[in-house]
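Listed here are the chains, written in short residue letters.
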Amino acid sequence: MESSSYPHSYYAATAQGAPDLWPLEENARCDVCVVGGGFTGLSAALHLAERGIDVVLLEARRLGWGASGRNGGQLGTGLSKGPATVERLVGVEDAHRLWQLSQEAKSLVRARIERHRIACDLKPGILSAAHKPEEAVAFGQYVDKLNREYDYPHIRPVSREEMAAQLGTSIYHGGAFDRGAAHLHPLNYALGLARAALEAGARVFEGTAVLGYARTAPTVVRTSRATVTADHLVLACNGHLESLEPRVAGQIMPINNFIIATEPLGEERARTLIRDDVAVADSKFVIDYFRLSADRRLLFGGGENYTRRFPSDIKSFVRRYMLRVFPQLEDARIEYGWGGTLAITRNRMPHFGRLEPNILFAQGYSGQGLALSTLAGALIAEVLAGSPERFDVFARIPTPRFPGGTALRWPGLVAGMLYYALRDRL
């Protein structure tokens, strides 16, 4: 498609196998219309098509154009909140159900990569780093709970000394290593899902923004050039939902996060930064996260903003966060800098549900989107095939609205984020 391209990033520069797609030009009829071509929408289209359900997917720009093709690439374990918090929120029984589903989410990603031979640089292991001494204690309690109560033996505590041996920095106070987690090239994973969905029979259109839809059964989805009449509608827009559906827009907050990529550092120097080639995320409220690319660049994410615009110089904006962790990279050239928009909820729990019997949505992954959004697509397909039980475990999670809805949520968020960012620095 010629009308738009991917934002300049390391991921876009190393993308493989983007399908040749075009906008929707003629009216269409289908069983299910999916709006959004990120992980959620692509996974939903793939799982629906494999069930023999006629599906049309509409993406406003390019497949994986949003956070799905720009994120840190971490295939994490569980939800954004730990099991103790989840138990208080939904009860012990549903907390264990959610845990099992989150484990299935990781397995599903791995299975899709293997089945469809998706070349996305999948590597094992995520190291969680404690920014403060008390957070190292909390990591120990987290590991113990997962080992004992959730039958998860793949995570262990890491001492301050081991952390310094694994990473080229001594700023962390310990943490946890999860060998059951992983990391990958997110845009290539998204493009692999897209190719699989097309092969399964899904009809996929890029450059096709949805302007609105009728709250009817069947619904009629309007674009600038044509309409799609569908028995069911799936909203998979996440941080780009905006005004398309005001009924749930107030329960998510779009925020921007930023990543840089250094020049290739070479095997020896790269291993002095991250000895075992794992992904790393720290415990700050505004987190730093980093990993090595396949060609031995450091990919470093740090900093957020809460406006509609990205910083004018993303490379310089993020570089200062990188140098706080790795001052020895002062001489490293920064070759790429990019940002993306994700969606968080107030309680940092994913938000699934139904707006009408024939309209479903999944959003608000709050930093755990790679695994959970892939699972969301599979669960949506289960609902539309007549088995809603597993989707409903997520739909039962309470999701409070941001105060003031979409109009006033920004000032409150900015004040809160600035407060927590100050706590990170103290």
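All residue numbers refer to positions counted from 1 along the written sequence of the respective chain. Totals for whole chains, interfaces and linings use all residues, but because this is a predicted model, local features are given only for residues with pLDDT of at least 70 and pairs of side-chain atoms are given and counted only at 80 or more. The side-chain figures draw on all heavy atoms in the structure; neither hydrogens nor water molecules are used.

1. Concerning the overall build of the chain
So, point 1. A count of helical and extended segments in the chain gives 13 helices and 17 strands.
So, point 2. Relative to the globule expectation of 22 Å for 426 residues, the C-alpha radius of gyration of the chain, 21 Å, shows essentially globular dimensions.
So, point 3. Its C-alpha atoms put the chain at 60 × 50 × 45 Å along the principal axes.
So, point 4. When accessible area is computed with a 1.4 Å probe and restricted to protein chains, residues below 20% of their type maximum are described as buried, those above 50% as exposed, and intermediate ones as partly exposed. Looking at the 426 residues of the chain, the share that counts as buried comes to 59%.
So, point 5. Considering only intrachain contacts with a sequence separation of at least 6, the fraction spanning at least 24 residues in the chain is 75%. Only DSSP runs of H or I with at least four residues qualify as helices, and only runs of E with at least two residues qualify as strands; both kinds are numbered from the N terminus onward. Here the radius of gyration uses the C-alpha set of atoms, whereas the globule reference equals 2.2 Å times the residue count to the power 0.38. By definition, residues are in contact when any of their heavy atoms lie within 4.5 Å.

2. Details of the pattern of salt bridges
So, point 1. Salt-bridge detection follows one rule: a side-chain nitrogen of Lys or Arg within 4 Å of a carboxyl oxygen of Asp or Glu. Under the defined criterion, the tally for this structure stands at 32 salt bridges.
So, point 2. Between aspartate 277 and lysine 123 there is a salt bridge whose closest N-O contact spans 3.3 Å. Highlighted residues: aspartate 277 in the loop between helix 9 (267–273) and strand 12 (279–282) and lysine 123 in strand 4 (residues 123–129), separated in sequence by 154 residues. Each member of the pair, aspartate 277 as well as lysine 123, carries the same accessibility label: buried.
So, point 3. Each of the salt bridges in this network shares a partner with another, and the network as a whole consists of Glu87, Asp144, Lys145, Arg148 and Glu149.

3. A word on the environment of isoleucine 118
So, point 1. Along the chain, isoleucine 118 falls in the loop between helix 4 (92–115) and strand 4.
So, point 2. For the pair isoleucine 118 and valine 228, spaced 110 residues apart in sequence, the C-alpha separation works out to 30 Å.
So, point 3. Setting aside its immediate chain neighbours within four residues, isoleucine 118 contacts Arg112, Ile113, Asn188, Tyr189, Gly192 and Leu193.

4. Some words on the packing of helix 4 against helix 11 (residues 369–384)
So, point 1. Look at helix 4 against helix 11: their axes get within 8 Å of each other, and the N-to-C directions meet at 90°. Here helix 4 lies roughly perpendicular to helix 11, going by the angle between them. Residues Leu101, Ser102, Glu104, Ala105, Lys106, Leu108 and Val109 of helix 4 pack against Leu370, Ala371, Leu372, Thr374, Leu375 and Ala378 of helix 11.
So, point 2. Residue type decides the class: Asp, Glu, Lys and Arg count as charged, Ala, Val, Leu, Ile, Met, Phe, Trp, Tyr, Cys and Pro as nonpolar, and the leftover types, Gly among them, as polar. Among the residues making up the contact of helix 4 with helix 11, the classes are represented as nine nonpolar, two polar and two charged. Angles run from 0 to 180 degrees between N-to-C directions of axes, and those axes are lines fitted to C-alpha atoms, restricted for helices to the stretch in contact. If an angle is under 35 degrees, it is roughly parallel; if it is over 145, roughly antiparallel; if it lies from 65 to 115, roughly perpendicular; otherwise it is oblique.

5. Considering unusual backbone geometry
So, point 1. The omega torsion of the bond from alanine 217 to proline 218 falls at 0°, within 30 degrees of zero and hence cis.
So, point 2. With respect to the element layout, proline 218 can be found in the loop between strand 8 (210–213) and strand 9 (219–223).
So, point 3. The phi torsion at aspartate 277 lies on the positive side, around 60°, for a residue other than glycine.
So, point 4. The class of aspartate 277 is buried, set by a relative accessible area of 9%.
So, point 5. Phi at arginine 296 is positive, roughly 65°, even though this residue is not glycine.
So, point 6. Looking at the element boundaries, arginine 296 is found in the loop between strand 13 (289–292) and strand 14 (298–305).

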